[in-house]
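# Chain and residue survey
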Amino acid sequence: MVRSAKLKRHVPIVSSLLPLLYASTVHAQVPQSVFAPAGPVARTQGGLLSLTLYVAIGIFIVVGSILFYTIIRFRAKPGDPIPKQIHGNTTLEVIWTVIPIIILTVIAVPTVRHGFSLASPPTDDVLEVRAIGHQWWWEFEYPELGIVTANELRVPVGQVIYLTLESKDVIHSFWVPRLAGKMDVVPNRVNAMWFVAEEAGIFYGQCAEFCGTSHANMRLRVVAQPADEFNAWVAGRQSVEAIVPANDLVARGKELFESTGTCFACHTVDGTTAAGKVGPDLSDFGGRTTLAAGMLPNTPENLAAWLRDPQAIKPGALMPRLNLSEADIEALTAFLHSLM
Amino acid sequence: MNHTAVEHTATGMPNRKLGMWLFLASECMFFGALIATYLVYQGQSLVGPYPEDLFDIPLTTVSTFVLLMSSLAMVLAVSASQRRDMKATRLWLAVTAAMGLIFLGFQAYEYNHFIHAGLTLSVNLFGSTFYVLTGFHGAHVLIGVTWLVALLVHTLRPLDWERRALDIEIAGLYWHFVDVVWIVIFTVVYLLGVGG
Amino acid sequence: MATHHEVLQASRAGVFLPRPVSTTGFWSWVTTVDHKRIGIMYFFTSILFFLVGGIEALIIRTQLFAPDLKIVSADTFNQLFTMHGTTMVFLAVMPLSAAFFNYLLPLMLGARDVAFPRLNAFSYWMYLFGGIFINTGWFVNAAPAVGWFGYANLTSTTYTPGLATDYWTLGLQILGIGTLVSGFNFIVTILNMRAPGMSLMKMPVFLWTTLVTSFLIIFSFPSVTVGLILVTFDRLFNTNFFEVAANGDVVLWQHLFWIFGHPEVYILILPAMGIVSEILPTFARKPLFGYSVMVLSTMLIGFLGFGVWSHHMFTVGLGPVVNSIFSLATMAIAIPTGVKIFNWVSTLWGGSIRFKTPLIFALGFIFQFMIGGLSGVMHSSAPSNAQQQDTYFVVAHFHYVLIGGALFALFAGIYYWFPKVTGRLMNEKLGVINFILMFIGFNVTFFPMHFLGLMGMPRRIYTYDAALGLQFWNQVSTVGAFILAAGVTVFLVNFVISLARGEKAAADPWDARTLEWMTSNPPPVYNFAVTPVVSARDEFWARKYEGVAAKESAAALEEAKKHGIHIPGNSYFPIIMAAGITVFCYGLLYSGALAIAGLAVTILSFFGWAFEGVGGTIIYPEGDAR
């Protein structure tokens, strides 16, 4: 009893050290670190992880030391007699059965408690988002806001995001380590999870269930913004006016997108006639930090490379090589980057 | 050395008999998984035909009864072989096999009727689960029938009775198991399943 | 010792092929039913597949050395990790364990062979042909690429068209049948063929772990057999088991797979634990500490092993009730596992420990298995599991228990029993170098994977974003993999050299404790001229040091010399039937006619097997045979 009480007392202190260590030195360079929680779900899960980690390290040190000592102390020396043939010791067996039970109880109690608490998200002031997994990109719909986007999930800082997860094809898994542990995205099933981004920033994530050729390339970002910036973005997305191209190049790009370039067959851009549902919604593409589902920074060069040959960047991608001319690529790039 | 005698073992049970019990224990898991699959998907089909459209419980009750009676025939065959009664052994082996074949005949008739009513392997979940579950069971019955016929043919060869009785007893264990599995399938799929 | 033998002709009534009679040459191996030969065949075949799986791993590690490398394509990488996992689990570790079961079971029991010698041979051929079948994919550009646990509905024809996934499903069925059958064989052998006086609680612990492993096999394999049947029917016959459009439930596959898959990992580790439980007492010169507790723990692990499968599914969304139950059950299974470790350490405590290679590998096992077990306990907590599942943290865990644990123990077993099988000792110096390289290489490869997982690296990715900061530990890990490969190379060199000109070994080179060490190197084909009579656990040690008399009568030995010992006859049907089943599976993929031909061969060989009669050889031991 004393032991478990002691452990409980030290856990908050010690468990805050490790994440602090990582957060301060590592998380900028390790954007998917599990030990740099930026929200309550990841923090709770991380605390439990730290608890089990310290228990594991503790047991390892104790048992490992005994093992090490044993093999040194009892190594055979020449002329050693046959040692006493001891067959067992009931007291010892009881002791080393009971102690693990106690240790495991220390882990079991918060496991069950947090398992239930994490499964019931807060109910006030919740923003609902539907995340739909596709091979190999993420669709995000805000049902209450009437907005559809892809691959970069914008959320307001400090608000509970209630994410329902569906799949259009095979099993995927939604994982943004700094915000929450993963939840699988299963066809014919609606899973749910929640998180809160407590600070503004860009949080890296990726699919965590093998889903085919480009599973490694099914990445995502959660972009947490202060509430006013988020609301401005929402307002911008909700007001769907016909797009007025800023210049001829953009106009040419829009024309390609809507007709001869066949982009409209798979993609939607609000404010144009393109309403395809096969591929990602590109209505705010210009404002995204990455393209191809978190694979590359969203620069003109990368976009041009993608348009030239999507398969070279994302093997197996459903987007075909369109054999566009360089001029067309330039125009489409200008058009897509104009979409905010 | 008498190679045809049954060997002495530490448990007292001959090797092949113990082996059959273990095999049947394993088969419990096999059919358990198939039945569980059926139950998971019961009532989940999006389109018909549905069980209540197709099942003819009275008819299937008859075939179930036939299979059940075949187990009785099997018991009589085992008993006859233990009494070294060649005529009775042959008779009851043949009756068991024949009743097994009758059961399979009913199955074939049922499958035929269902297929004509539109139930195929691919049309819905009911078709997939029903045919695979009962199909594997039917295959087990067919193997059993073949085994019994082989035993019957084998009675034409000289063999010591201790060995032969053991062979028939082991076949009996298998046959009863296949019967029990059918009882479960009949109950779960047919009797409890309509209205699901 | 000299023997002479005479051959019995099998009765030929109604049979297609006579039972072969030669004892030397190629065909005598192809038709052998001798458990020792079968064990040797399992051994060499498993080492071969282990090297194949190892090369697949080296390519994987090379590709992951740095972000965005293009050493292999995405598709090839996905095939590589699928085949690496499938090969190592089903074609390397399990059969290597089977090599030990096959060679040692009858010897440790005091028996002449297993209960069903032809079935034993059949299991081996199903393994070989299944391994060939599943690797055929490499040669026809259709290697499976669905991961070693092939989640539906990625395995549907919609998402993996072509033959690759079928090679996987059917190949596993072939392998599964062989394994299942050996499960029945070993249980009957252990329960029925123990030497007089050897009660279950006097058996060597290795036999207990074999017994429990075999029960795990016969109860768990049917679940994956059914799962694979459902996937195969979906792919070949358009059923709807995992067809989303028809309301199929892909999670059903996961349940069916993991109900098998979790016991499977105990199938992989229990034999290794048994080996360690034999080796430690020999080299500490003390009995295994807590024999009854070790037996009970083994049974508990087996039993509880069926109640934890959903811990592989904590992130599937089954809800907090289910997740909590499985968390608690998983923690519970840590207890008998931990108890074993304490008993092993206590076996060493107070002993007189000789540091020979078998013991050194066994120590490596304890140390590394402990680490793997502890990371397993970390996984057991469902909420924090959500940050570990499907990451390299899990990859670290299972490689610690499978390589650091099972493989190291199997290597210990190889060094330990090599003299009994070959009559020579493996070289100690090379053995230590082997261990050091493997120990360093293994830990350098896999310890960093704990970090990588917690740094956010998921599993089964052919490359990773340079911005994630994962490169350093990936590079360390890759270097470690090549060191590990060097260690394995030293092992192979040691093996070959020792086979050719290793120091000759006495029958009992380690001053060991169990019955197999009473026989010659290698044992005669009949193992024991007179079945030993047992009255103690560690009977051989008791006879050497505790004044327990040998209870076999001189009369029994005279009887054996006069009337001879009957050795089961060889047979063609195990290999023919295995070939028939394999051809049937190829036929399902390529040609209906081939499938029918395969099925016909299978059915005919079944009858041939049943009716071919006893046959065999009578061997007359001479001289001072034991």
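Small disclaimer: the values here were computed from a predicted structure and weren't measured. (Residues numbered from 1 in each chain as written. Chains lettered and ligands numbered in written order. Predicted model: local features only at pLDDT ≥ 70, side-chain atom pairs only at ≥ 80, totals over all residues.)

The next subject is the overall build of chain B. Within chain B, the secondary structure is distributed over 6 helices and 0 strands. Secondary structure elements of chain B occur, N-terminal to C-terminal, as α-α-α-α-α-α. Taken over the C-alpha atoms alone, chain B extends approximately 65 × 35 × 25 Å along its principal axes. The buried share of chain B, reckoned over its 196 residues, is 34%. (Helix = DSSP H or I, 4+ residues; strand = E, 2+ residues; numbered from the N terminus. Buried ≥ 20, exposed ≤ 12 C-beta atoms within 10 Å, placed from the backbone.)

Next up on the list: the overall build of chain C. The secondary structure content of chain C amounts to 18 helices and 3 strands. The C-alpha atoms of chain C give 25 Å as radius of gyration, which agrees with the globular expectation for 626 residues (25 Å, within 12%). Along the first, second and third principal axes, the C-alpha atoms of chain C reach 75 × 65 × 45 Å. Burial statistics for chain C: of 626 residues in total, 64% are counted as buried. Look at the contacts in chain C between residues 6 or more apart in sequence, and 82% of them connect residues 24 or more apart. (Rg over C-alpha atoms; globule rule 2.2 N^0.38 Å. Contact = placed C-beta atoms within 7 Å.)

This paragraph deals with the interface of chain B and chain C. Accessible area lost during the coming together of the parts is what is often quoted as the interface size. Between chain B and chain C, the contact holds 28 residues from the first and 32 residues from the second. Elements supplying a minimum of two residues to the side of chain B that touches chain C: α1 (15–41) and α5 (125–154) of chain B. No other element matches α1(B), which puts 13 residues into the side of chain B that touches chain C. A class-by-class count of the residues in the side of chain B that touches chain C yields 15 nonpolar, 12 polar and 1 charged. (Nonpolar A, V, L, I, M, F, W, Y, C, P; charged D, E, K, R; others polar.)

Within a regular strand, the side chains alternate between the two sheet faces. All names here are of chain A. Of the two faces of strand β3 (residues 147–150), the one holding Ile147 and Thr149 and the one holding Val148 and Ala150 are both buried throughout. Alignment of strand β2 (residues 137–142) against β3, held across 4 bridges, turns out to be antiparallel. Looking at β3, one finds that glutamate 139 is bridged to alanine 150. Between β2 and the antiparallel strand that follows it, β3, lie 4 residues; glycine 146 among them carries a positive phi value of about 70 degrees. (Pairing = 2+ DSSP bridges.)

Another aspect to go through is the sheet that holds β2(A). Residue and element names in this part refer to chain A. Within the open sheet, the 5 strands sit side by side as β3-β2-β1-β5-β8. Their pairing is mixed. What marks the edges here is a single partner per strand, and that holds for β3 and β8 (191–196). Each strand axis lies, on average, 25 degrees off the axis of its neighbour in the sheet, ignoring direction. (Axes fitted to C-alpha atoms, helices over the stretch in contact; angles between N-to-C directions.)

So, on to the interface of chain A and chain C. Taken together, the contacts link 77 residues of chain A with 79 residues of chain C. Those elements that provide at least two residues to the side of chain A that touches chain C are α2 (40–73), α3 (90–119) and β7 (180–185) of chain A. Here the side of chain A that touches chain C is built from residues that sort into 41 nonpolar, 26 polar and 10 charged.

A word on the nonpolar core. Buried together is how nonpolar side chains tend to be arranged in soluble globular proteins. Counting residues in hydrophobic clusters, the biggest one holds 338 residues, and the most contacted among them are C:Val276, C:Ala362 and C:Ala412. For C:Ala362, the residues in contact, after removing those within four places along its chain, are C:Val276, C:Ile279, C:Leu280, C:Ala409 and C:Ala412. (Core = buried A, V, L, I, M, F, W, Y, C linked by C-beta atoms within 7 Å.)

Residue and element names in this part refer to chain C. For helix α14 (residues 471–501), which comprises 31 residues, the first-to-last C-alpha distance of 45 Å matches the rise-based estimate of 45 Å (1.5 Å per residue) to within 8%. Every buried residue of α14 is listed here: Asn474, Ser477, Thr478, Gly480, Ala481, Leu484, Ala485, Gly487, Phe491, Asn494, Phe495 and Ser498. Where the residues of α14 are buried, they touch α2 (35–63), α12 (392–422) and α13 (428–454). (Expected span 1.5 Å × (residues − 1).)

Counting buried positions along strand β4 (residues 152–156) of chain A gives 5 out of 5 residues, so the element sits mostly inside the fold. By the alternation rule, side chains of β4(A) split into A:Glu152, A:Arg154 and A:Pro156 and A:Leu153 and A:Val155, which are all buried.

A word on the packing of helix α3 (residues 74–109) of chain C against helix α6 (residues 205–237) of chain C. Residues and elements named next belong to chain C. With their axes 10 Å apart at the nearest point, α3 and α6 run at an angle of 125 degrees to one another. If you check the angle between α3 and α6, you find them oblique. Considering the relative orientation of α3 and α6, their crossing is left-handed. Between α3, through Phe101, Leu104, Leu105, Met108 and Leu109, and α6, the contact on the second element is made entirely by Phe206, Leu207 and Thr210. Residue composition of the contact of α3 with α6, grouped by class: 7 nonpolar, 1 polar and no charged. (Parallel < 35°, antiparallel > 145°, perpendicular 65-115°, else oblique. Left-handed = near helix turned anticlockwise from the far one by under 90°.)

Note on placement: C:Asn78 falls in helix α3. Classification of C:Asn78 by C-beta neighbours within 10 Å gives buried; the count is 29. Spatially, the C-alpha atoms of C:Asn78 and C:Ala145 are 5.1 Å apart, while their sequence positions differ by 67 residues. Sequence-distant contacts of C:Asn78, defined by excluding residues within four places in its chain, comprise A:Thr213, C:Ala145 and C:Tyr462.

Here we take up the sheet that holds strand β9 (residues 201–206) of chain A. Residue and element names in this part refer to chain A. As summarised here, the arrangement of the 3 strands in space is β4-β10-β9, forming an open sheet in which the pairing is mixed. Looking along the sheet, the strands with just one partner apiece sit at the ends: β4 and β9. Taking the axes of each pair of neighbouring strands and ignoring which way they run, one obtains an average angle of 20 degrees across the sheet. Bridging between β9 and strand β10 (residues 219–225) involves 6 bridges; their strand directions are antiparallel.

Our next topic: α3(A). With 30 residues, α3(A) extends 43 Å from end C-alpha to end C-alpha; this agrees with the ideal 44 Å at 1.5 Å per step. All buried positions along α3(A) are accounted for by A:Glu93, A:Trp96, A:Pro100, A:Ile103, A:Leu104, A:Ile107, A:Pro110, A:Thr111, A:Val112, A:His114, A:Gly115 and A:Leu118. As for α3(A), its buried residues are in contact with α2 of chain A together with α8 (291–304), α9 (320–348) and α11 (382–385) of chain C.

A separate point is the packing of helix α5 (residues 164–192) of chain C against helix α17 (residues 573–590) of chain C. Residue and element names in this part refer to chain C. Two elements in contact, α5 and α17, have axes whose closest approach is 10 Å; the angle formed by their N-to-C orientations is 160 degrees. By the angle between their directions, the pair α5 and α17 is classed as roughly antiparallel. Seen along the crossing, α5 lies across α17 with a hand that is right-handed. Residues Asp166, Leu170 and Ile174 of α5 touch α17, and the partners they reach there are Ile581, Thr582, Cys585, Leu588 and Leu589.

Further remarks concern the confidence of the model for chain C. On average, chain C scores 94 in pLDDT, and the residues at 70 or more come to 96%. The ipTM value of the predicted complex is 0.96, and its pTM value is 0.95. (pLDDT = per-residue confidence, 0-100.)

Here we come to the environment of A:Asn298. Residues and elements named next belong to chain A. Relative to the helices and strands, asparagine 298 is located in the loop between β12 (296–297) and α6 (300–308). Separated by 101 residues in sequence, asparagine 298 and alanine 197 have C-alpha atoms that sit 23 Å apart. Setting aside its immediate chain neighbours within four residues, asparagine 298 contacts Arg288, Thr289, Thr290, Leu291 and Leu303.

We now examine unusual backbone geometry. Trans is the prevailing form of peptide bonds, just as negative phi is the prevailing case for residues other than glycine. Look at the link from B:Gly48 to B:Pro49: it is a cis peptide, with omega at 0 degrees. Residue placement: B:Pro49 occurs in the loop between α1 and α2 (51–54). Here the bond from C:Ala152 into C:Asn153 is cis, since omega is 0 degrees, no more than 30 degrees from zero. With respect to the helices, strands and loops of the structure, C:Asn153 is situated in the loop between α4 (117–139) and α5.

Let's shift gears to the environment of B:Thr89. With respect to the helices, strands and loops of the structure, B:Thr89 is situated in helix α4 (residues 86–116). Once you skip the residues sitting within four places of it in the chain, B:Thr89 turns out to touch B:Ala77, B:Ala80, B:Ser81 and B:Thr155.

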